[in-house]
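Per-entry structural report
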Amino acid sequence: MLSKTLKTTSLALATALLAASASLAADVQMIMSNDNNSKGLKGQTFDFLVSELETRLGDRIDVEMHHGGTLFDQQSQVQGLQLGGVHVISPTAGIYSSVTPKVAALQLPFMLNTPEKIQAAVADPIVRGAIMPDLNNQNIEIIAVWMNGPRDLGYRGEDPILMPEDAKGVKVRVQSAPIFVKTWEAVGANPVGINWSEAPTALQQGVIDAGEVTPNSWRGSSTYQFVDHITMTDHQYSFYLVGANKMWWDEIPADVKTEIQAALDATTAWNMESAITINAEAMEFIASEGKGVHYLDDAQRAAWAAAMMPVWEELGTGIVGEEVMARLKEIGGVE
């Protein structure tokens, strides 16, 4: 008779072999990494995609989903994608600046302020032709564009921040990419580049005074608990460029790739429909929790836009050139 230990070991080995054989039976293995939590809009969008993939492809695909930066965090995910440690990531566009600085033009403050304008810009031949080849040359293929929402300023303090001069000297947590750093330097703030997962502790310890993320991110991470006010600056409309490891993407069998693309299209449609609703619900919830929520009037918004305008020249015209900037302004409906 087998001992209990031997039985347990045999069972574990059999389970491992079954899992391995199931993975080998799949036509495609897909490892996906989410640098954010599973509760926010991006986490929900990834989970929707997993469901779509499994429904459409069944055991032809082996999907491995990692939330919360457990596989790659905000800073390491692009390199992880390039090296094949992950097959699909979805960072904000600015994070790709480590590969090509040109991508910053897609997130210039007060430029592309709606999901429709963002989708139009990414699909535009002139804009796409200036940015995408650099990504392709670095083993990255952009396979979808997902929305996040308007970036808004949450902060600790007694007084509301309503004008750009009110932000002078405020330590604002930003993503470690030039477009976010330069945007807040333009109004005299002190941007601090750290992972969003570190923001609650940083706020509590006074390492930062503020953060600038979307409503669904404030709520999904529960970081709203550590600020007193949120000013709806809407200075950038945050979105995600869904990137695939190009070598992996190019080797997927054509019939499987067709179904993956169909799953991506369905997920993108769900994301577009959900972004406005989820962000609005998040702000209603945050306000109900007693946080000060402040909306800018036209004059205040114009002041913020004027203060951040120098970023257009430095990270826009100075990098992508006049032709691309002219097209972005046309799509954005701005001068």
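Quick note: structure is the one above.
In this report, the structure presented in the accompanying data block is examined. (Residues numbered from 1 in each chain as written. Predicted model: local features only at pLDDT ≥ 70, side-chain atom pairs only at ≥ 80, totals over all residues. Heavy atoms only, no water.)

In this model, Ser-222 sits at a positive phi of 65°, which is unusual for a non-glycine residue. Note on Ser-222: relative accessible area 30%, which makes it partly exposed. Located in the positive-phi region is Asp-234, a residue other than glycine, with phi close to 50°. With respect to the helices and strands, the residue Asp-234 is situated in the loop between β9 (229-232) and β10 (237-245). Residue Asp-234 is classed as partly exposed on the basis of its relative accessible area, which comes to 29%. (Buried < 20%, exposed > 50% of the residue type's maximum accessible area, 1.4 Å probe, protein only. Helix = DSSP H or I, 4+ residues; strand = E, 2+ residues; numbered from the N terminus.)

A few words on the packing of aromatic side chains. Within the structure shown, the criterion is met by six aromatic pairs. Both rings, one in Trp-196 and one in Trp-218, keep their centres 5.2 Å apart while their planes meet at 85°; by these two values the pair is edge-to-face. Within this pair, whereas Trp-196 is found in the loop between β7 (190-193) and α7 (199-205), its partner Trp-218 is found in helix α8 (residues 215-220), the two being separated by 22 residues in sequence. As far as the burial class goes, Trp-196 and Trp-218 line up, both buried. The ring of Phe-285 is capped by Arg-219, whose NZ or CZ atom sits 4.0 Å from the centre of that ring. (Phe/Tyr/Trp six-rings, centres within 6.5 Å; stacked < 30°, edge-to-face > 60°. Lys NZ or Arg CZ within 6 Å of the ring centre and 35° of its normal.)

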